[in-house]
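# Coordinate inspection notes
If you want the building blocks of each chain, they are given just below.
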Amino acid sequence: MNLANLKRTLKFDYLAFLSVTRSFFKDKNFLKYFGFIFTLYFIGMFAIIRANIYYIDDNTRAISGDYQFWAISSRYMTVYLSEFLNFGLPLVDFSPLSTIICILILSLASIILVKTINNKISYLALIASLFIGINPYFLEALLFKFDHIYMCLGLFMSIFPFLFVKRKFLFCIISVISLLVMLTTYQSVNFVYLLIVMFLLILRISQKKKFLNFAILSLFSYFLAIIIFKLFIYKPVKIHVNTETFAIGELFNGVVSNCAKFATKIYSDWNETWFLYIGASLVVLSIIAVILKFKNLKSLLCFILFLIFGFIFSMGFYLLFVEIRFELRYTATLGVYFAIILIFISGYANSLKAYNILKVFSIFLILYCTYGLLFISNSLGSAMQEQEKYIDFRTNLAMNDLLKFNDIHLQFVNFNGNIISPSTQNARNKFKVITKSLNNINTNQLGYKSLTRTLGRVNGKCKGDKVVKTSENLFHTIKQYENKCIDINFKNVNISENYALIHGLLPKTLLIDKNINKNLNLKIYKSNEKWLGKHIYIFRFSENILNFANKDDNILGLHFIGKDGRKIIDKNIHNFTKSNNAYFYTAELETTDINEILILFYNSEIKKSSAKFSINLKEQK
């Protein structure tokens, strides 16, 4: 191609770009569809907007107003856009406007993906597309007030090129540019583009259309963007994610191992909920739809391959890492995977006659799945709001007690222990998948959230050895050392310990009464009935067990051994409840067939036991 032809092609594709874009926005039903999906996303985000919490990095960015992490992570487009939207530094929190912008971006992504898969837009398909943004994995990305616009943009730019899929050269150019934007905003969605390509190849093969050129062009665009990013943009740096990849000789086994870990992790997220069966029903229904629509074995085999590899490769580049991490937001591509399947099912359901049993079931499944998404997102938002209130309550109590100490230096105040609201614990028990998000508004490497944005970085541990002053109550223990350093240890105050056990409201049976040491008596009780679906075991020590542990021990390990194996429950050794000169700990178990209990003390950092008691429950009380 000579220069004149190249100019002519570029001009033609530029005009095609304007034509396709104008046609997309000027569709007579565009505003109706956009308003519909925007409303659904807004409903999904409503409780999170209402909660108005700072999530992980938000706490320090709210104080510093900078974007240092984005820059060192090669997210340069995020840096430039954040400066533009914030009118320069420092960055400030402008939610809920930022959240509304994010919803707008996700709404456009949904419309484009529906049009790409089904060649036309319908309300049912738009409902199905809600999986793109309101899935439990991408929800974590939406919690970041300072990041979520750019995370949504990265996801959108992975879908945007398919609006121009009918123009080969234009599609290639837009793909490379869009993928570079994705890689410089949010790399965790790096597999979304290839996932859509995989499904479109299945459709082309099933419809007996030419697919080889499309496959080559898509792969060329993808890897060209990766190469440009790797050679000219990416700067290797040590961050919270270890980016070391497998050596060539270890690559196959390493990736297979990571795929197995990923599948196990997703299964464990849902194995105790209805959603596991809903997901299985979804897969079966999609296979039936492929069989009935295309009526050939090749289409079925291709689709099964998509179901398998589309799922296990949802982690994208992370599968290549020696140390794989399963943060929720790193698995955001999984939402697009299910969105594609549901959108395809919706397209097939719309082609069936009214009252067809398969059509009715398909519509029901899509609506129920969508309701499930809205249910989880609003449950998460409400739980986070309750958790934030509870953290503020507990930290305010601690700060009030801290004022009773003299010679306080805030840089020497350290906080330890977990603060879990009783009502939030209920949500954690119901959905494992949102537990990580709820944990991250409590503590992490940046310290206690409600204190971080007030006092700065406030975590750590005192190195002092002589305690000069102590204050202890039901909620926390405060110790001041001779070197002026102060440790505040929050106790785990939960419903079972305070309402049912210590006050004797829950009927219970004495399992054993034994002197496990010449100076230590232990009584173990078990609740007669289940409390929130589990039996409660109560450990009553006659003395403070801190006297029997090493100085640095911070964990009380309770090992329950029965015919079903060993169940380990770790308790913060400081989180006891003192009543009538006795010290109480509790553990919750579903099983009651326990033969032996081992009691260990150890330090969570070195995992080395310092003491051990063995209790045989078959002994006479």
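Chains are numbered independently. Their residues run from 1 in the order of the written sequence. Whole-chain, interface and lining totals are the exception, using all residues; otherwise, since this is a predicted model, local features are given only for residues with pLDDT of at least 70 and side-chain atom pairs are given and counted only at 80 or more. Hydrogens and waters are ignored; side-chain quantities use all the structure's heavy atoms.

### Thoughts on the pairing of strand 12 (residues 594-602)
Side-chain direction in a regular strand flips from residue to residue, so the side chains alternate between the two faces of the sheet. Within strand 12, seven of the nine residues are buried, leaving the element largely enclosed by the surrounding structure. Pairs of strands are assigned from DSSP output, requiring at least two bridges between the strands. Think of it this way: any DSSP run of H or I at least four residues long counts as a helix, any run of E at least two long counts as a strand, and we number them from the N terminus. As defined by bridge partners, strand 8 (residues 555-562) adjoins strand 12 across eight bridges and the pair is classed as antiparallel. From the neighbouring strand, Leu 556 faces strand 12, where its bridge partner is Phe 601. Summary of the burial criterion: residues with accessible area below 20% of their type's maximum are buried, those above 50% are exposed, and those between are partly exposed, where the area comes from a 1.4 Å probe applied to protein chains only.

### A few points about the pattern of salt bridges
Every case where a carboxyl oxygen of Asp or Glu lies within 4 Å of a side-chain nitrogen of Lys or Arg is listed as a salt bridge. Tallying each qualifying case throughout the model produces seven salt bridges. Salt-bridge contacts for Arg 61 lead to Asp 147; the nearest nitrogen and oxygen are separated by 2.7 Å. Residue Arg 61 is found in helix 3 (residues 58-64), and its partner Asp 147 is found in the loop between helix 8 (138-143) and helix 9 (148-159); the two are separated by 86 residues along the sequence. Residue classification places Arg 61 among the buried residues on the basis of a relative accessible area of 4%. In this structure, Lys 265 and Asp 269 form a salt bridge, with 2.8 Å as the shortest nitrogen-oxygen distance. With Lys 265 and Asp 269 both in helix 13 (residues 251-270), this residue pair falls four residues apart, about one helical turn. You can call Lys 265 partly exposed: its relative accessible area is 24%. According to the relative accessible area criterion, Asp 269 is buried, its value standing at 6%.

### Here we look at a nonpolar patch on the surface
Patches here are clusters of residues that have more than 30% relative accessible area and form no salt bridge, with a 9 Å joining cutoff for like charges and a 5 Å cutoff for nonpolar side chains (Val, Leu, Ile, Met, Phe, Trp, Tyr). Surface exposure here means Shrake-Rupley accessible area, sampled with a 1.4 Å probe, where a residue is shielded only by the protein chains that are shown. Nonpolar side chains collect at one region of the surface, where Leu 219, Phe 223, Ile 227, Leu 231 and Phe 232 lie side by side and expose about 560 Å² of accessible area between them. With respect to the helices and strands, Phe 223 occurs in helix 12 (residues 212-233).

### What to know about the sheet that holds strand 3 (residues 476-481)
Working definition: the strands of a sheet are paired by backbone hydrogen bonds and lie parallel or antiparallel to each other. The sheet built from four strands is open, its strands ordered 1-4-3-2 with mixed pairing. Looking at strand neighbours, the two that pair on one side only are strand 1 (413-416) and strand 2 (467-472), the edges of this open sheet. Going across the sheet, the axis of each strand differs from the next one's by a mean of 15°, ignoring polarity. As paired strands, strand 2 and strand 3 are joined by five bridges and run antiparallel to one another. To obtain each axis, a line is fitted to C-alpha atoms, and for helices this fit is confined to the stretch in contact; angles are then taken between N-to-C directions over 0 to 180 degrees.

### So, the packing of aromatic side chains
Only rings of Phe, Tyr and Trp enter the pairing, Trp through its six-membered ring, and a pair is recorded when the two centres are within 6.5 Å. The plane angle decides the type: under 30 degrees is stacked, over 60 is edge-to-face, the rest tilted. Within this structure, the stated rule accounts for 44 aromatic pairs. Measuring from ring centre to ring centre gives 5.4 Å for Phe 24 and Phe 30, while their planes differ by 65°; the resulting arrangement is edge-to-face. Since its relative accessible area comes to 5%, Phe 24 is described here as buried. Taking relative accessible area as the criterion, Phe 30 reaches 8% and is therefore assigned buried.

### Focus on helix 9
The span one expects for a helix is its residue count, reduced by one, times 1.5 Å. Between its terminal C-alpha atoms helix 9 stretches 17 Å, which fits the 16 Å expected from 12 residues at 1.5 Å a residue. Taking burial as the measure, the 12 residues of helix 9 include 12 buried ones, the bulk of the element.

### A short note on the packing of helix 10 (residues 168-183) against helix 12
For any two helices packed against each other, one specifies the inter-axial angle together with the distance between the axes. Where helix 10 contacts helix 12, the axes come no closer than 9 Å and their chain directions differ by 35°. Pair helix 10 / helix 12 crosses with right-handed handedness. Classifying every residue of the contact of helix 10 with helix 12 gives 16 nonpolar, four polar and one charged. Handedness of a crossing is defined here by the sense of rotation of the near helix relative to the far one, left-handed for an anticlockwise turn of less than a right angle and right-handed for a clockwise turn. Note on residue categories: nonpolar means Ala, Val, Leu, Ile, Met, Phe, Trp, Tyr, Cys or Pro, charged means Asp, Glu, Lys or Arg, and polar means any other residue, Gly included.

### What about the confidence of the model for the protein?
The predicted model of the protein has a mean per-residue pLDDT of 85, with 90% of residues at 70 or higher. The score called pLDDT rates the predictor's confidence residue by residue, from a low of 0 to a high of 100. Any pair of residues with heavy atoms lying within 4.5 Å of one another is described as a contacting pair. In this model, residues 443-448 is a region of pLDDT below 50 whose contacts with residues beyond four sequence positions or in other chains number 25 contacts.

### Quick notes on the environment of Leu 342
Secondary-structure assignment places Leu 342 in helix 16 (residues 333-351). Look at Leu 342 and you get buried, because its relative accessible area is 0%. Between the alpha carbons of Leu 342 and Ile 127 there is a distance of 9.0 Å; along the sequence they are 215 residues apart. Those residues in contact with Leu 342 that lie beyond four places of it in its chain are Ala 128, Phe 131, Leu 282, Ile 366 and Cys 369.

### Focus on unusual backbone geometry
Most peptide bonds adopt trans geometry, and most residues besides glycine take a negative phi value. Residue Leu 89 is joined to Pro 90 through a cis peptide bond whose omega torsion reads -5°. Secondary-structure assignment places Pro 90 in the loop between helix 5 (76-85) and helix 6 (97-118). Ser 95 connects to Pro 96 through a cis peptide bond whose omega is 5°. For Pro 96, the location among the structural elements is in the loop between helix 5 and helix 6.

### Some points on the environment of Glu 588
With respect to the helices, strands and loops of the structure, Glu 588 is situated in strand 11 (residues 582-589). Placed 474 residues apart in sequence, Glu 588 and Val 114 show a C-alpha to C-alpha distance of 46 Å.

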